[in-house]
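# Breakdown of the fold
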Amino acid sequence: MPLKRLIPCLDVDAGRVVKGTNFVDIRDAGDPVELAARYDAEGADELVFLDITASHEDRDTIVQLARRTADEVFIPFTIGGGIRSVADAQAVLDAGADKVGVNSAALARPELIGELAEVFGSQCVVVAIDARRVSGPEPVWDVYVAGGRRRVEGREAVAWAIEAAERGAGEILLTSMDRDGTEDGYDLELTRAVADAVPIPVIASGGVGTLDHLAAGIVEGGADAVLAASIFHYGRHSIAAAKQAMRAAGIDVR
Amino acid sequence: MSAGPPQLKIADYGMGNLRSVAKAFEHVGVQAAVSSDPAELAAAEGIVLPGVGAFPEAMREIGRRGIGEPIASRAAAGVPVLGICLGMQLLFESSAEHGGSSGLGLLPGTVEPLRAPGLKLPHIGWAHLRLEREAGLTAGIRDGEPFYFVHSFAAHPEPGDLIASAEYGERFAAVVGRGNVLGTQFHPEKSSAAGLRMLANFAAMTTAPATA
């Protein structure tokens, strides 16, 4: 089996890391490339950049980010946010990204997943799903867009993950909107439900507050990879300590 | 640089992430130029053959650009050649991919589908390397070091040409080499410090001028 992966995520707005960092020895904590290079050096297995820039005019910014990252970072990285077409994907992949993440554009037009897989191969296509638990006795999750602000009518998260995989997605990046920012740990029930339902790797996301949460995402949630942002950015935990905690839980990591 | 254009060439046949490979060499202080010019490749002091995609299409593109012959003649002249991922598979005699296709034939052996029953294909991710014999390319690499793979096929080299293996369903060739003809099934340019070390090892075999 491939080694389980630890993936720091960087939220980027207009070319800058949005969440602050506490690394005293980083020259420019807002520079995503400098932070990414540090994560590479510390042992991160992969990186995800989520471009949360609202405006369309900043398309060039994200291509520049991919280009600059490829200059300095020598682990695979995914660029998500604002990828709406094969041409958008082509631009960031040509610049050196390994994968593209699609979310709202794939919900608006699910054929996009197949088009990307056809041109670049499934291994380049990550479908990101933002899910929120529906209150009630049954474990059901709605799908949200716009940073969790808008529910997508007629979409259930597990069913959407299955459809995405069938359409050619190579991986599912699964974020619990209930847990995101809470530091209470992943929604393990959601992670397990999707991981058991799709034949492709699932990246657990949303809610990591302690290193134990990472191992739980894999052992209990059934994820192939675990993603976290703020616990690394703020310097509370190092990548190495996270890897050590995963190893201690019996997980084979790099 | 005073030595003129870099003599380490990255062969461009329209498939694969050449920029990442060039940048990885640059990071270890080696200038490597992307080229699809048969004359430039025929004068190269080291050739890297990257590649992502399907074997038959890659051979067609290589044929269309006329770069197969210069690569083979430089290999025969003793110039170091490094195939990466699909580029490594192309070094062999043939592949079973998409009904079968001839390769460059610089190494004896064939390329077959990865036998990984019950596992997902392509094999994507980090896997431990097992060193099978000593080689310049793997100098300084510790046994068990993980590297980053993306592939559905695996080469079947002659036993003496196997430098390192990895496992996914079956044990497969991860690093191969016979004299100056070398290949890695994984992506050294995406395998962090250990991958960069391997690219530096390869560059050291060429006469490409180092900048650091």
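Presented here is an overview of the structure given in this document.

So, how was this worked out
Residues numbered from 1 in each chain as written. Chains lettered and ligands numbered in written order. Predicted model: local features only at pLDDT ≥ 70, side-chain atom pairs only at ≥ 80, totals over all residues. Heavy atoms only, no water. Helix = DSSP H or I, 4+ residues; strand = E, 2+ residues; numbered from the N terminus. Buried < 20%, exposed > 50% of the residue type's maximum accessible area, 1.4 Å probe, protein only. Contact = heavy atoms within 4.5 Å. Areas by Shrake-Rupley, 256 points an atom, 1.4 Å probe, with all protein chains shown as cover. Lys, Arg positive; Asp, Glu negative; His and termini not counted. Charge placed at Lys NZ, Arg CZ, Asp CG, Glu CD. Pairing = 2+ DSSP bridges. Salt bridge = Lys/Arg side-chain N within 4 Å of Asp/Glu carboxyl O. Axes fitted to C-alpha atoms, helices over the stretch in contact; angles between N-to-C directions. Phe/Tyr/Trp six-rings, centres within 6.5 Å; stacked < 30°, edge-to-face > 60°.

### Side note on the overall build of chain B
Counting secondary structure elements, chain B contains 6 helices and 14 strands. Seen through its C-alpha atoms, chain B measures out along the principal axes to roughly 55 × 35 × 30 Å. Across the 212 residues in chain B, those meeting the buried criterion constitute 58%. Pairs at least 24 residues apart make up 72% of the contacts formed inside chain B by residues separated by at least 6 positions. Here chain B has roughly 7700 Å² of accessible surface; of this, 51% comes from carbon and sulfur atoms. Treating the 16 positive side-chain charges of chain B as one cloud and the 20 negative ones as another, the clouds have centres 4 Å apart.

### Focus on the environment of B:Ala77
Tracing the chain through its elements places B:Ala77 in the loop between helix H4 (68-76) and strand E4 (81-84). C-alpha separation for the pair B:Ala77 and B:Asn180, spaced 103 residues apart in sequence, amounts to 9.3 Å.

### Considerations on the sheet that holds strand E7 (residues 109-113) of chain B
Across a sheet, strands are paired by hydrogen bonds formed along the backbone, either parallel or antiparallel in direction. Residue and element names in this part refer to chain B. Spatial ordering of the open sheet is given by E6-E5-E7-E11, a layout of 4 strands whose pairing is mixed. Strand pairing shows two members of the sheet lacking a second neighbour, strand E6 (101-102) and strand E11 (153-157), which therefore form its edges. With 2 bridges connecting them, strand E5 (residues 94-95) and E6 associate as antiparallel partners. Bridged to Ser94 within E6 is Ser102.

### Topic: the pattern of salt bridges
Residues and elements named next belong to chain A. Across all of its chains, the model carries 33 salt bridges over all chains by this definition. Lys4 is the partner of Asp224 in a salt bridge, and the nearest nitrogen-oxygen pair spans 3.7 Å. Of this pair, Asp224 sits in the loop between helix H8 (211-219) and strand E11 (225-228) while Lys4 sits in the segment before strand E1 (5-13), and the two are 220 residues apart along the sequence. Three or more residues are tied together by salt bridges with common partners; here these are Arg5, Glu46, Lys99 and Glu171.

### Topic: the sheet that holds E4(B)
All names here are of chain B. Judged by pairing direction, the sheet is mixed, and its 8 strands sit side by side in the order E2-E1-E3-E4-E14-E13-E12-E9 without closing on themselves. Looking at strand neighbours, the two that pair on one side only are strand E2 (32-35) and strand E9 (130-131), the edges of this open sheet. Where helix H1 (residues 18-27) meets the sheet, it contacts strand E1 (8-11), E2, strand E3 (46-49) and E4, and its direction lies at approximately 160° from that of E1. Across the sheet, H4 touches E1, E3, E4 and strand E14 (181-184), and the angle it forms with E3 is around 130°.

### Re the packing of aromatic side chains
Enumeration according to the criterion identifies 6 aromatic pairs over all chains in this entry. When the centroid spacing of 5.8 Å and the interplanar angle of 85° are considered together, the rings of A:Phe49 and A:Phe77 count as edge-to-face. In this pair, A:Phe49 sits in strand E3 (residues 47-51) while A:Phe77 sits in strand E4 (residues 77-80), placing the two residues 28 residues apart along the sequence. Here A:Phe49 matches A:Phe77 in class, with each residue buried. For the pair B:Phe149 and B:Phe172, a centre-to-centre distance of 5.4 Å together with 85° between the ring planes defines the contact as edge-to-face. Taken together, the residues B:Phe149 in strand E10 (residues 146-151) and B:Phe172 in strand E13 (residues 170-178) connect sequence positions 23 residues apart.

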